[in-house]
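Remarks on the overall topology
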Amino acid sequence: MIIETERLILRPFNVSDAADVYEYLHEPQVNCFLDLKLDSYDDAVSEMERRSAEQSYYFAVVLKDSGKVIGEVFAYPETGEPQWFESLPKDMFSPCIMFNRDYQGNGYAYETSVAFFNYLFEKCAARRIYSYVDDYNSPSIRLCEKMGMRREGLFVEFVSFVNNPDGTPKYENTYQYAILRKEWDKVRLSKEISTVLSHVSYR
């Protein structure tokens, strides 16, 4: 699957993307992405080899005018229930979006999110999309709200990705945002989102 927007192409990863991806994954800006950290260029090549097999849910975000990979977006179908309820439909997704800091502030995350959310709802039969956002991550909070997502709650000292100077876990407060398909059907008609979608195509 390839998703095209006005300025971007969302496509499966290639091994040749290793250098671009290493630029932003050798030092992730947000703690929740530390498990994706790449310690070397060789690690990046190995990671691109692994990702290249993924065609439906993991996308490189590429600038149309230069072909440079500036970020990534991914989400996998979930039941939203414990494993013993696997018989339930996998119609829920939790997108993760990450960008090279040198390309932030240009509206690329919003353009990517609109196209990707619409893809999940229209092509992947999503019923519900949700996101966890650290309470200090103001840009991601603004993005969720701009996408029409509801803030469903605040989990206090929810998870730890790093340690305090004394070695104890540093727990972070986390917001949960969500939007349902029936809510997206209304939100996507807003002037700003419909303008972005007018340039989106899937192939």
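As a reminder, the structure under discussion sits directly above these lines.
From a predicted model like this one, the values you see are computed outputs, not experimental measurements.

1. Overview of the overall build of the protein
- The helix and strand tally for the protein stands at 6 helices and 10 strands.
- In terms of C-alpha radius of gyration, the protein reaches 17 Å, essentially the compact-globule figure of 17 Å for 203 residues.
- Its C-alpha atoms give the protein principal-axis dimensions of roughly 50 × 40 × 35 Å.
- Buried positions account for 43% of the 203 residues belonging to the protein.

2. Topic: the packing of aromatic side chains
- Inspection of the entire model under this criterion finds 13 aromatic pairs.
- Between Phe-117 and Trp-184, the aromatic rings sit 6.0 Å apart at their centres with planes inclined by 55°, giving tilted as the arrangement. A residue pair is termed long-range when its members are at least 10 positions apart, and Phe-117 in helix 3 (residues 108-123) and Trp-184 in helix 5 (residues 181-187) qualify at 67 residues.
- Using a relative accessible area of 4% as the deciding quantity, one classes Phe-117 as buried.
- Taking relative accessible area as the criterion, Trp-184 reaches 0% and is therefore assigned buried.
- Judged by centre distance (6.2 Å) and plane angle (80°), the rings of Tyr-132 and Phe-155 are edge-to-face. With a gap of 23 residues between them, Tyr-132 in strand 7 (residues 128-134) and Phe-155 in strand 8 (residues 150-163) connect regions that are remote in the sequence.

3. Here we look at the pattern of salt bridges
- Under the criterion given, the structure shown has 18 salt bridges.
- Here Lys-64 makes a salt bridge to Glu-4, at a shortest N to O gap of 2.9 Å. A residue pair is termed long-range when its members are at least 10 positions apart, and Lys-64 in the loop between strand 3 (58-63) and strand 4 (69-74) and Glu-4 in strand 1 (residues 3-4) qualify at 60 residues.
- With a shortest N-O distance of 3.0 Å, Asp-20 and Lys-68 are connected by a salt bridge. Taken as a pair, Asp-20 in helix 1 (residues 18-25) and Lys-68 in the loop between strand 3 and strand 4 lie far apart in primary sequence, 48 residues in all. Assigned by exposure class, Asp-20 and Lys-68 land together as buried.
- In this structure, a network of salt bridges that share partners links the residues Glu-47, Arg-50, Arg-51 and Glu-72.

Reading the values: rules and limits
- Residues numbered from 1 in each chain as written.
- Predicted model: local features only at pLDDT ≥ 70, side-chain atom pairs only at ≥ 80, totals over all residues.
- Heavy atoms only, no water.
- Helix = DSSP H or I, 4+ residues; strand = E, 2+ residues; numbered from the N terminus.
- Rg over C-alpha atoms; globule rule 2.2 N^0.38 Å.
- Buried < 20%, exposed > 50% of the residue type's maximum accessible area, 1.4 Å probe, protein only.
- Phe/Tyr/Trp six-rings, centres within 6.5 Å; stacked < 30°, edge-to-face > 60°.
- Salt bridge = Lys/Arg side-chain N within 4 Å of Asp/Glu carboxyl O.

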